[in-house]
Amino acid sequence: MSYDIDAVRKQYIGFETAKARARYPVEHETIRRHCHMVEDNNPLFLDPAYAARTEHGACLAPQSGWLALVLASLGPWPAVFEPLFPIVPTPGKRIVNMSQEVEWSARIKAGDHLSAVRRIVDVYQKGITIDPEAVWIVSDVIITNQRDEEVCTIRNTFLTHRTPAEVEAARGTGA
Amino acid sequence: MNHGREQIYWEDVTVGDDLPEVSLDINTKRLFLQASGSQDWYPVHFDPAFARKAGHEEVFMNTGFIQAALVRVITDWMGDAGFIRRLRFEMRRQYRPGDTMTCRARVTAKEDRDGVACVDLEVWGENGRDGVATPGEATVILPRREAG
């Protein structure tokens, strides 16, 4: 059966998940690992004694939308911070992230407890070199803290595609 | 004892200013650091066979890693009191093992917006093969000297 993009758009655009609270509060160790990967030794993120002397009073998380997604997800394993993919059916199961836009309203501190709401904004088909029937998905994630203050909104655009072998096989079957 | 970043104030910023760059070698160790630091276990970012089967030439660095490097350019510069209001970027080319990723930023505008001291930045990453691989833009709120 062929993929019906119009039916998928009709069913999924505007879909919103229930607000989900992260399993754990924001932890120093998650922030440390994030900083370590890019050699960021900023004491505002890493040193509680230093951070306590600043206007913030506690270590901050770097203002990365990706890190906010990790901190607001349901725990370190299994990783569930990209849960939109299984929600929207697509012909291909491979993912490439294309762009991200993050609007920040508040800082994230160690000890905060975040929640997230995810929303499908758009779904469309646009071919790429690997797959002429790639499906692009635009989603928003709205992250709030334990005071129900909005922390940030993350708009993410990613595409899903088939492998070259899957594209070739589909050509052979006319699917 | 740890020392924080030097605080930069809105009055001290000039359009055209370049921010200090950040360069990172992309190698096997960095792939592991990426998975740990981003908690992104999608194999296209560390398993060459998986990446090639998907049609890619090689494994490539993920969004979390790229964003962390871009953010680091900004936070290294803006100091403890700075605040990133907005960041947007596109993944147009890949960072692969053997590349050196260099992230840079430049001040493109400086405006008082409804009493808020805003600075716009062009921020981007280069991979050494394609030039700009990740174009982006950001708006940062900085403290004013008179308020400090």
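Anyway, here's the lowdown on the structure attached to this text. (Residues numbered from 1 in each chain as written. Chains lettered and ligands numbered in written order. Predicted model: local features only at pLDDT ≥ 70, side-chain atom pairs only at ≥ 80, totals over all residues.)

1. Quick word on the overall build of chain B
Within chain B one finds three helices and five strands. Mapped from its N terminus to its C terminus, chain B presents α and β elements in the order β-α-α-α-β-β-β-β. Across the 148 residues in chain B, those meeting the buried criterion constitute 43%. In chain B, the proportion of contacts linking residues at least 24 apart, taken out of those at least 6 apart, comes to 70%. (Helix = DSSP H or I, 4+ residues; strand = E, 2+ residues; numbered from the N terminus. Buried ≥ 20, exposed ≤ 12 C-beta atoms within 10 Å, placed from the backbone. Contact = placed C-beta atoms within 7 Å.)

2. Focus: the overall build of chain A
Broken down by element type, chain A carries seven helices and five strands. Secondary structure elements of chain A, listed N to C terminal, follow the sequence α-β-α-α-α-α-α-β-β-β-β-α. C-alpha extents for chain A along the principal axes are approximately 65 × 30 × 25 Å. Taken across its 175 residues, chain A has 36% of its residues classed as buried. At a minimum sequence separation of 6, the contacts of chain A that also span at least 24 residues come to 71%.

3. What about the interface of chain B and chain A?
Counting residues at the interface gives 36 residues for chain B, matched by 35 residues for chain A. Ranked by the residues each element gives to the side of chain B that touches chain A, the list is headed by helix α3 (residues 63-78) of chain B, at ten residues. Here the residues of the side of chain B that touches chain A sort into 15 nonpolar, twelve polar and nine charged. Inspection of the sheet shows strand β2 (residues 94-104) of chain A paired to strand β2 (residues 83-90) of chain B by five bridges, in the antiparallel sense. The residue bridging A:Ser99 from the neighbouring strand is B:Glu90, located in β2(B). (Nonpolar A, V, L, I, M, F, W, Y, C, P; charged D, E, K, R; others polar. Pairing = 2+ DSSP bridges.)

4. Thoughts on the pairing of strand β3 (residues 115-125) of chain A
Residue and element names in this part refer to chain A. Bridging between strand β1 (residues 20-21) and β3 involves two bridges; their strand directions are antiparallel. What sits directly across from alanine 20, in β3, is alanine 116. Strand direction decides the pairing type here: β3 and strand β4 (residues 135-144), joined by ten bridges, are antiparallel. Each residue of the ladder has a partner; that of serine 115, found in β4, is threonine 144.

5. Here we look at the packing of helix α2 (residues 28-37) of chain A against helix α1 (residues 28-38) of chain B
Running from amino to carboxyl end, α2(A) crosses α1(B) at an angle of 150°, the nearest separation of the two axes being 7 Å. In terms of orientation, α2(A) lies roughly antiparallel with respect to α1(B). Read as a crossing pair, α2(A) and α1(B) show a hand that is left-handed. Each of A:Arg33, A:His34, A:His36 and A:Met37 in α2(A) lies in contact with α1(B), whose residues at this interface are B:Leu33, B:Gln34, B:Ser36, B:Gly37 and B:Ser38. Residues belonging to the contact of α2(A) with α1(B) are distributed by class as follows: two nonpolar, six polar and one charged. (Axes fitted to C-alpha atoms, helices over the stretch in contact; angles between N-to-C directions. Parallel < 35°, antiparallel > 145°, perpendicular 65-115°, else oblique. Left-handed = near helix turned anticlockwise from the far one by under 90°.)

6. Thoughts on the nonpolar core
Ranked by internal contacts, the top residues of the largest apolar core, which has 69 residues, are A:Ala68, A:Leu71, B:Ala69, B:Leu70 and B:Ile74. Discounting residues that sit within four places of it in the chain, A:Leu71 has contacts with A:Ala22, A:Val26, A:Thr30, A:Ala61, A:Ile108 and A:Leu114. Formed by eight residues, the second largest nonpolar core is a distinct cluster that contains A:Val96, A:Val123, A:Phe158 and A:Leu159. (Core = buried A, V, L, I, M, F, W, Y, C linked by C-beta atoms within 7 Å.)

7. Thoughts on unusual backbone geometry
Backbone geometry places A:Glu39, a non-glycine residue, at a positive phi of 55°. Among the secondary structure elements, A:Glu39 is positioned in the loop between α2 and α3 (43-46). The backbone of B:Gln39 shows a phi angle near 55°, a positive value even though the residue is not glycine. Inspection of the secondary structure puts B:Gln39 in the loop between α1 and α2 (48-53).

8. Some thoughts on the sheet that holds strand β3 (residues 100-113) of chain B
Reading across from one edge, β1(A)-β3(A)-β4(A)-β5(A)-β2(A)-β2(B)-β5(B)-β4(B)-β3(B)-β1(B) is the order of the ten strands in this open sheet, with antiparallel pairing throughout. In the strand order of this sheet, the two ends are held by β1 of chain A together with β1 (22-25) of chain B, each with one partner. Note: β4(A) against strand β5 (residues 150-161) of chain A, ten bridges, orientation antiparallel. In the strand pairing of β5(A), A:Thr144 is matched with A:Glu150.

9. A look at the pairing of β5(A)
Residues and elements named next belong to chain A. Here β2 pairs with β5 via ten bridges, running antiparallel. Each bridged residue has a counterpart across the sheet, and for asparagine 97 the counterpart in β5 is phenylalanine 158. Taking the residues that link successive antiparallel strands as the turn, the β4-β5 hairpin has five residues, and the phi of aspartate 148 there is positive, at about 65°.

10. Re α3(B)
Residue and element names in this part refer to chain B. The terminal C-alpha atoms of α3, which comprises 16 residues, lie 22 Å apart, in line with the 22 Å expected from a rise of 1.5 Å per residue. α3 sits mainly inside the fold: 15 of its 16 residues count as buried. Positioned one or two residues after α3, glycine 79 has a phi angle of 80°, which is positive. (Expected span 1.5 Å × (residues − 1).)

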